[in-house]
Amino acid sequence: MGLLLVVIVVVLGLCTGLVHLAHGWHLRRLALSRLNGETGEGPAMLGFLRDSPLQQWLARSGYRQPSAVNTFVGASVGMALAGLVVSQLYRLALLDALMDTVANVPGTTSDMLALVLGAGPWILFFGMALVPTLVVRTVRRTRLRGIEQDLPLALELFATMGQAGLGFDAAVAKIVRADRKSTRLNSSHGYISYAVFC
């Protein structure tokens, strides 16, 4: 069993290294194409619109840094490895004692508990591997809820400023200056302005 664990860790390490190597190669290709004058990507700020679904999902959650995908993949692989270690520790240290304890429970309850305890290592592994996904999902939901709360007021202010003759960019800047505490809409201000006026 120890050999299997070592093989799994080595394979996951190689996969992580290949992902980082491929990302570095991709960045190098982009840099060389920009040096040669071949710009096929458009504006850098709108690059997240054309990237992978993972990068789009992270950008919608507020993680727009260039290293967000690498950080997310690294955290997922790290948590999967931690889940593998914890699940094996559970299997080796606790499973037999818990199974003996459950065996004394009368009726079919012991069979059901034994199934849950037997699946415990898998539950721990997948539960820990999904922690980064759940964190990003929670951040995204919180961010969307905040935007939904701020949006009606912002739209009303846009309409009022538009009726007063103020342009869209000036209205956005004025709303951002007036409401500094609401960072949910403010964080998207640069992307909105760039997309509309470029």
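Residues numbered from 1 in each chain as written. Predicted model: local features only at pLDDT ≥ 70, side-chain atom pairs only at ≥ 80, totals over all residues. Heavy atoms only, no water.

## Some details on the overall build of the protein
Consideration 1: Each helix and strand counted, the protein has 9 helices and 0 strands in total.
Consideration 2: Reading the secondary structure of the protein in the N-to-C direction produces α-α-α-α-α-α-α-α-α.
Consideration 3: Relative to its 198 residues, the protein shows a buried fraction of 22%.
Consideration 4: Taking the contacts inside the protein whose residues are at least 6 apart along the sequence as the reference set, 63% of them involve residues at least 24 apart.
Consideration 5: Working note: accessible area of the protein is about 13,400 Å², and carbon and sulfur atoms make up 69% of it. (Helix = DSSP H or I, 4+ residues; strand = E, 2+ residues; numbered from the N terminus. Buried < 20%, exposed > 50% of the residue type's maximum accessible area, 1.4 Å probe, protein only. Contact = heavy atoms within 4.5 Å. Areas by Shrake-Rupley, 256 points an atom, 1.4 Å probe, with all protein chains shown as cover.)

## With respect to the environment of S52
Consideration 1: With respect to the helices and strands, S52 occurs in the loop between helix 1 (2–35) and helix 2 (53–60).
Consideration 2: What makes S52 partly exposed here is its relative accessible area of 34%.
Consideration 3: It is 9.5 Å that separates the C-alpha atoms of S52 and V69, two residues lying 17 residues apart in sequence.

## Structural notes on the nonpolar core
One broad trend across soluble globular proteins is that nonpolar side chains are buried collectively.
Consideration 1: Membership of the largest hydrophobic core is limited to 5 residues, which are L58, A68, V69, F72 and V136.
Consideration 2: The element that contributes the greatest number of residues to this core is helix 3 (residues 68–103), accounting for 3 residues.
Consideration 3: With sequence-adjacent residues up to four places away left out, L58 is seen in contact with Y63, A68, V69, F72 and V136. (Core = buried A, V, L, I, M, F, W, Y, C linked by side-chain atoms within 4.5 Å.)

## Let's talk about a nonpolar patch on the surface
Consideration 1: On the surface, a cluster of nonpolar side chains totalling about 450 Å² of accessible area is made up of W122, F126, L130 and L134.
Consideration 2: Position of W122 among the secondary structure elements: in helix 5 (residues 120–129). (Patch = residues over 30% accessible without salt bridge, like charges linked within 9 Å, V, L, I, M, F, W, Y side chains within 5 Å. Salt bridge = Lys/Arg side-chain N within 4 Å of Asp/Glu carboxyl O.)

Nothing here speaks to function; it is all geometry.
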